[in-house]
Each structure stands twice: as C-alpha cells, then as structure tokens.
Amino acid sequence: MSTPGTQLERKPIEDGTLELLRELLAELGSGSAIEELDRRRSSAHLERDLGLGSLERVEVLLRLETMFGARLPDRVVAEANTVGDLVQAVLKQESDVGVPAASAASRYQPSASAASPGEAPSAARDLAREITEAESLTEVLRLRVRAEPGRTHIFLYEESGATRPITFGELYERATAVARALKQHGLEPGGTCAIMLPTCAEFFWTFFGALFAGGIPVPIYPPFRADRIEEYAARQAGILRNAEAQLLVTFRQAEPVARLLRPRVPSLRAVVNATRLAEAPREAWLPGVPGVAGRPIEPQHRPRADDIAFLQYTSGSTGSPKGVVLTHANLLANIRSITEGVSLAPSDVAVSWLPLYHDMGLIGAWFVPLYAGFPVVILSPLAFLSRPERWLWAIHHHRGTLSPAPNFAYELCVRKIADKDIEGLDLSSWRAAFNGAEPVNPRTIERFTERFARYGFHREALVPVYGLAEATLAVSTPPFGSGTKVDRIEREAFEREGRAVPTALENTNALEFVSAGGPLPRIEVRIADAHGRDLDERREGRLLFRSPSATSGYYRNPEATREILCGDGWLDTGDLAYLAGGELYITGRSKDIIIKGGRNLYPHEVEEIAGRVPGVRTGCVVAFGVTDERAGTERLVIAAELRDESGRERVAGEITRLVADALGLPPDTVLPLPPHSIPKTSSGKLRRSETKRLYLEGQLGKHQAPAWWQVTKLAVRNAWPWLVTALKRSSRRGLEAAYGVYALAVFAVLCAPLWLIVSITPNRRAAASITKAMLRLMLVCACVRVCVEGRELLKDFRVSGPWIFAPNHESYLDIVALAALLPTGALFVAKGEVEKMPLIRTLARRIGHFAFNRSDPQARIEQSKIIEDALQQGKSVVIYPEGTFTPEPGIRPFLLGAFKAAVDTGRPICPVAVRGAREILRDGTLLPKPGRVTLTIGPLLVPQRGGDWHEIVRLRDAAREIISRNANEPLL
C-alpha cells in the first residue's frame, strides 16, 4: 500500500502526464482518444484506447523528460502499456532539476571506460592472408584471437549509457564457456539453437557458443509488443518447429512466453536464460594481454566450409517458415565480395543500431567488421528509435566511417531530431551511409542530405544497396563517391509495356527508381522474362542472380526451395528490376505487383502517395490487388491506419483524390483502419500478403484482445497438447525402462554360459567362433537389429586379408555388434582397463585380443610392434582410432597408431562406420533403449608403398572423412 507521502508525490506527476497526453492527442487530431483519456485517466491503454504507436510513444517520452527533468529508460517505449505505467516510470527516476543542462555533444559522449577506437592498427600480412584462406567464421575468430586477443572488437552501448568494450579474447573466452554450458543442456553437433535475445553482450557469446558446440544458431526476434503475444507465439512456434530447435536461449522477461512455446515444439529440450548461461565458469586462459600462456586456441568444434553456419529466417515467415540455409562458405564468400566491392580497410569504424536477428545487422554490421579487422560500435534498435540522434552522435564520437540503415531511419532523423539535440555534431567521417533492406525513396535522400549537410555529411556518402537473405546479404552497390543516381522514366510505357524510357525532368508524372549500382565481385545478375529468356537493357523482368554466396535452399522446405532454383546455379530473387548502363534498378516484388486494366501498379508508390494525407499514420499504408472475376482484372485496395478514426470519410476521400490525380485512376476500395491493424515483419516491413489475407477473410482491423487474455488463451490452448505429450513421454519412458531391464537380463543370463564355455575351450579359434555366435544370439534375444551395409566388400577379405578395421566408437554396444558381425578371428585392441573386468578379461585372453596401458609410453611402443607382428602373421586387427567414446555425437580426432601400422605393414585400412549404438546405450546410462545399429563397411584404403608421415596422415584423414559421412556425424 502506498504511503500518504507517495500519493502527494504522484498526483502532480499524474496530472502533468495527463495534460501532456491531451496536448499531443489534440495535435494528432484524436478527439475520441481524448475522451477515452478523460474517462479512463491512468488506466487508459496507450495503444488500444489512445492509438499511440511506437513513434508517438517516443514523442511522449521526450516530452515527459522535458516536463519533469527526468531521464527515462529506453525500455519505457516498449514496456509501458498504460498511462499509469508512464507515471510510475517518472516516479522511479531521480529528478535532474537544478543540475546544469548538459550540451548535446556531452550528453551522448561515450563513458570513460571505453575510449574511441580511432584508427584500427593495420593487420599483419600473414594474418590477413590466413583470414582470406579461412574456411569458417569460427576460424576467422580463432585467428583474430591468436594474433590480437586484447584488441577491442565491439563497443556496445548499454541501456545505462555506458559503453562496454568487448575484445576478441573476451568474446572467444565467454563463447567457449557458453559452448560447454549448451552441451550440458543437450545441444548436439548439428542441432539447432534458437537465440531470442535483444541487442546485448549475451547475444555475441551465445551465437559463437552455439557454433563452438557444433550447433547451428537460429536468431529470431524477441517479443516487444505485449498486445501481439498470441500472433508472436504462433509465428515463432512455426519457425522453431521448422528448425527443429533443441534449445531456446532467451532473456528473463521473455521466459514465460518462451515456455508457452514448448508444447508446440516437440524438439525443444530446454528454454535457457542467457544471463545464467553467460555465468558459466570460464577457463582463465588469458592471464595477460597479449600472451596466451602457451595454451592452444582451438574451438571445440572445427566446422567444414560446407557446414551450416546459421539459419536466417525471412522476416515475413508465417505458416510456412522459410529458413535460409547459409553455410560457412556462403557467408565468407559474400563477406569477401563486400570487402572487395566496398574497399573496406582496417582503418574503418562501423556503427550500427540494426537488430542482430536481421541479416543486415548480423552479417553487415558484425561479421564484416570481424572479418575485415576493424571495430564496430553497436547500439540497440530501441536506443535509436527513442532518440535517433544517438546514432549520429555515436558516429561523431567514434569517427564512424560505415553505417547501414533502412530508408525509414534516414527519414526519422530528418523528422524527429531537433537542432538543439545535435549542436556541435560532426558527420564528416561518415564515408558510406548504406541505405537498404527496403525501397529507397529519392525524396528521403534529398531531405537527409539537405538537413545534415551543415553537419559535415556529404551527399555522395549515401549509398543505396540491394541484397537479400538468399544471397547471404549483399548483391549490388554503386561505386563509392559516385552519389545516388535516380532514373526518371515515362509512366505509360513502363506500366503497360515494362519499358524504362528516360523522360525529361519537367515531366511531373514520371516514375522514379534509385540505382542500386552494379553487382559485387563474383556475383552475376540477369533480367529474365517469365520463360527464363534474357531481356534487353531497360526492360523490366525477373531479377536472377548467381554467386558462391547463394543459398542451397530453405531448411526443411523443399517446396519453397524449388520455387527459387532456376537451374545452372541461378536463383530467382522474387523481385522485378531492369538494368541500365550496367546498374540495377529494383522496381518491386513480383508477387506484390498490381495489374489493373493492363497497367502494372507498384504498391510502394501507391502507399507513398496515400501516406501524404494528413491523419494517416506514417509507414502504415498497404496497397494490394484483389482479383475481380467479373471485370477480368484486379481491384486496387488501399488499407491505411488512421491517427483518429473520427476522420474516416475525409481521409478515405482524400486518398482517393490524391491517388487518382497521381496515377490517372482511383482506388477501388480504401479501408481506413485503427492503429496497429496492419501486420509488419520483425524488421518493421509491411506484410502485404498477410494484409491481403486478413482482408479476404474479413479480419483486417479487428480489435486485438488484451495481452493477458492472449496469454491465457495461449496457455489453455497449449494445455491439452502438453498433457498428451506428457502422457506419451511417461508411457514411452515406462516402456523404455521395461525394455532396458529385459535387455540387461538377456545379457546377464547369456554371459554366464559364455564365460563357462570359453573358459574350458582350449582352441582359440573355436573360442572366437563360440563368442561370435553367442553375441549374435544376445543381440537377437535383446531385439537389437544390426544391419550391415557394404557386406559384399567382405567377400574379398579371404583373398586380400588381413585388414586393419578402423571403426568409430559410440558405445560399449558397438563392441558387441562388431565382434558379432566382423570376420571370425579379428583381434580387438582394447584399453588396459579390461583387465579389471572378469568376463571381458577371460574372453580377451582366451581369444587373443590385445589390451594395452594407454598412459605408458613404453607400452604404446610395444603395442605398435605386437600389432605389426599380428598383421605379418595374417591376423586382422580392430583398432578404435578415437580411443574412447562420450555421450555427445561427432567423430573425434583420430590417433595415428592404426594408420602407421598400415603403412609399415602394407595392409589396407577398412573404415567401419557405426551408427545407432550411442542412441541405444549412451555413455553414462545403465539401461539400453530399443533401436537399430547400422555398420557401413569400407571402402578399403590401401597405403602407398614406401609411404612416409604424409601417407599416414592421408590415410587418417581419408578414413575419418569416410566414417563421418557414413555415420552421418560431424567431424569434431
């Protein structure tokens, strides 16, 4: 209960907040919202009752700070739901009244803990060469850490305003600790790990931690809007199911929503708090910079170039999620194209506020600086949206040279930044302001350049770019310093015939498209018609591209993959474009084009025109076509969100008039909608297809239920699947336990007579035959089916034997399977610990198997000699090159003993891939589970005569590669 003092303190703040909101709503023309505010007062919902979206909330935040002299956290923009929440946020802050006002420059000065990175030191030539030859992203980080562990890689702006430096060494150290923790939570090599985190330090080590653990990171966007929880959960559950996510790493506030997803995602083993994950104990391998104390810097997992680096889910994913498969080879190929095409240098400094779950923020703003060796300054998207000037001040203080953003960000800076907030700003260091991820508006470029020219910004620094996730990131960019090129073309010829005919500057009805430049190195583009035939310059068609960075397709979505593959390595972008003078002009999405009366209408142009009408919310207009069977064409439908629904008729009429004047035809339907009716993607793009679907189903603009009701429905809806899953899991566990007890009983019952018979059998070969027969009987009685692939190769054994069999080691069970199925008389090389196991010791001694003490160097020398003698006597040998087994899947590094013996004796190596034994009897478990073991024999590896050390290594690598492929397990 509040004290009287608290009530007295709260009332003036509450009254001031209500008055502030009335003024803002009056400016927005929201008469009905003012009535709701007066009626509900502190309980009024900012979005549902007052229609205040994210941009309006930013304005409220700034006005509250001015009114009360308080410094409110950025999270208030996203987390405040009611007027009372705003009041409470002000109450929690310490007033700054009486403190001299700081200048704009000093207000956004980085904290003293992080000096400006300045000009990065030049990388050593050998380091640069090694990085250009690296085959994986983890290898790039490993090389950076080895050469410069104490160098700052990231300057992270935290919510408090402090700037946290993250060195290459800290990133590696923390990621390695996280990798161990992820494995303990059940992440397997090749398993997917979803990362649902905002911009924070934990994101960086979780991403590389997943890679170091052998997993596949899957960045997804975290929930920000409380009133969209139900929609969010449905969309993310589809992504997690498609990715077969084993773990979901998230932050504390999102844990309840994340746990609601678990019943919908059968593969999900755990929801992990990123903060607790980051607290995993670390090995202090960096006692001082720059030394590494002689310890090797090796990640636990060494991926190959064609291994998946991560899955990039397209932001519009709904019922059929599309996760773009990007390998390390794809990733590095695109990064190398960017560094060459954009002429990046170690002296560059990147600045970004883009979300890390988006390809432009993840690859363009993080991986490219990591590869090229220059620092990156990172702010959160919320920090930018709440105060756009923070982005520009970060460029000023760190002397940023490169910074990417979508078109709306440049527009936001023009409209929302006051002159007083950028006094003393210097943007002269900014040499490349990349503009991409959404259509580039020529008027935005003009407005931004004009506004910030007096702050040192150069017009030629604005660089429109084009790319897509299916190409990893970037496809084309203009040459640096060339400026923005705008192509003005005749509307009639383009809309009816697809011909981009240049027109005079005086033509007020012209269409305008911005050049995205030419393709980057090693990327090819072409324009094709519907039948795949190449089109001439200045003819609009489908944009196709081909590149080493092109994805192989969508994860577990063959149907969507087939739609983009065009043969001979070409991929369909889904965009329409034309080429002129070797430069690319993007005209729109092929599926979004509206064909009305034989004319091609472009949604983004219609939306821009409708968005000019007063009362329409900025960036909240969607235009789409709906088939009209009677007219034999499409109807033009425009959906627009309004600031105040009381002006519906006026706004609809004004939109109709403006569109008719600009395009020469009116829209068929104009839908004035309440705020937040139009769906958007995680990166803020309009979801036209989803808007059209909602319109056709009569659901567009329907009232959203409160967040608490959505969560309740979600929980109730998930209760039954959760109960069914729990019952199935309990039943399965009970049956598995019963089977495990039965299987152990079978082995126990049959082991006693086997031990007795072998003990009294004088002949070694007879003992081996009896053991083999008895082990087969055990497997049959225990219902363990063993399949042998490549059995025909064993027909040559009698002719070309003896061989050295080299299997991978998954479990104690694979010893039983191999002894039961491999040729009789093959001798196993076992570890010395078998001497402590009575049954196995008896079998080993009677049959003639070898047991050696692995920790005794002298014994290892004797082992090599005894094995060679056995091979010379015509006896085959079974050697486990891994030496041991663990619960986690993956092919571990091979010891060289077996391959040295092969070279020294000239005997062939027969790789044997074991698959399934680990799932039946995993290390550390007592009861076996039902399952099947598959043994894949060969192909045979014959050593070259007179081979040396290189031949030993060649045999080892070849055998390991064969076993990895046949066992379907990654190389570790």
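Use the structure listed above.
Below: a short report on this structure. (Residues numbered from 1 in each chain as written. Predicted model: local features only at pLDDT ≥ 70, side-chain atom pairs only at ≥ 80, totals over all residues. Heavy atoms only, no water.)

**Observations concerning the pattern of salt bridges**
The condition is simple: When a carboxyl oxygen of Asp or Glu is within 4 Å of a side-chain nitrogen of Lys or Arg, the pair counts as a salt bridge. Runs of E in the DSSP output that reach at least two residues are strands. Runs of H or I that reach at least four are helices, and both are numbered from the N terminus. Burial classes: relative accessible area under 20% of the type maximum marks a residue as buried, over 50% as exposed, and values in between as partly exposed (1.4 Å probe, protein chains only).
Applying the stated rule across the entire model yields 44 salt bridges. With a shortest N-O distance of 3.0 Å, Arg-491 and Glu-495 are connected by a salt bridge. Within this pair, Arg-491 and its partner Glu-495 are both found in helix H20 (residues 491–497), separated by 4 residues, close to a single helical turn. For the pair Arg-491 and Glu-495, a shared accessibility class is recorded, and that class is buried. With a closest N to O distance of 2.5 Å, Arg-526 and Asp-534 form a salt bridge. Take Arg-526: its relative accessible area is 18%, and that puts it in the buried class. When salt bridges with common partners are traced through the structure, they connect Arg-443, Arg-488, Glu-512, Glu-608 and Arg-612 into a single cluster.

**Considerations on unusual backbone geometry**
The backbone of Arg-522 shows a phi angle near 65 degrees, a positive value even though the residue is not glycine. Tracing the backbone shows Arg-522 in the loop between strand S18 (518–519) and strand S19 (524–528). Exposure remark for Arg-522: the relative accessible area of 44% places this residue in the partly exposed category. Here Asp-568, not a glycine, exhibits a phi torsion of approximately 60 degrees, which is positive. Note on placement: Asp-568 falls in the loop between helix H21 (558–564) and strand S21 (571–580). Judged by relative accessible area, Asp-568 falls into the exposed class, the value being 65%.

**Details of helix H8 (residues 137–147)**
Rules: Only heavy atoms enter the contact rule, under which two residues are in contact if any of them lie within 4.5 Å.
Judged by how many residues are buried, H8 sits mostly within the fold: 9 of 11 residues are covered. Every buried residue of H8 is accounted for by Leu-137, Thr-138, Glu-139, Val-140, Leu-141, Arg-142, Leu-143, Arg-144 and Val-145. For H8, the elements touching its buried residues are helix H7 (125–132), helix H9 (168–184), helix H10 (201–212), helix H14 (328–341) and helix H15 (359–372).

**Focus: the sheet that holds strand S6 (residues 270–273)**
Selection rule: For two strands to be treated as a pair, DSSP must find no fewer than two bridges joining them. Axis geometry follows a simple rule: fit a line to the C-alpha atoms, using only the stretch in contact for helices, then measure angles between N-to-C directions, giving values from 0 to 180 degrees.
Reading across from one edge, S4-S3-S5-S6 is the order of the 4 strands in this open sheet, with parallel pairing throughout. The outermost strands of the open sheet, each flanked by one partner alone, are strand S4 (216–219) and S6. Within this sheet the neighbouring strands show an average axis-to-axis angle of 25 degrees, counted without direction. The strands touched by H10 are strand S3 (192–196), S4 and strand S5 (245–250); relative to S4, the strand with the most contacts, the crossing angle is about 145 degrees.

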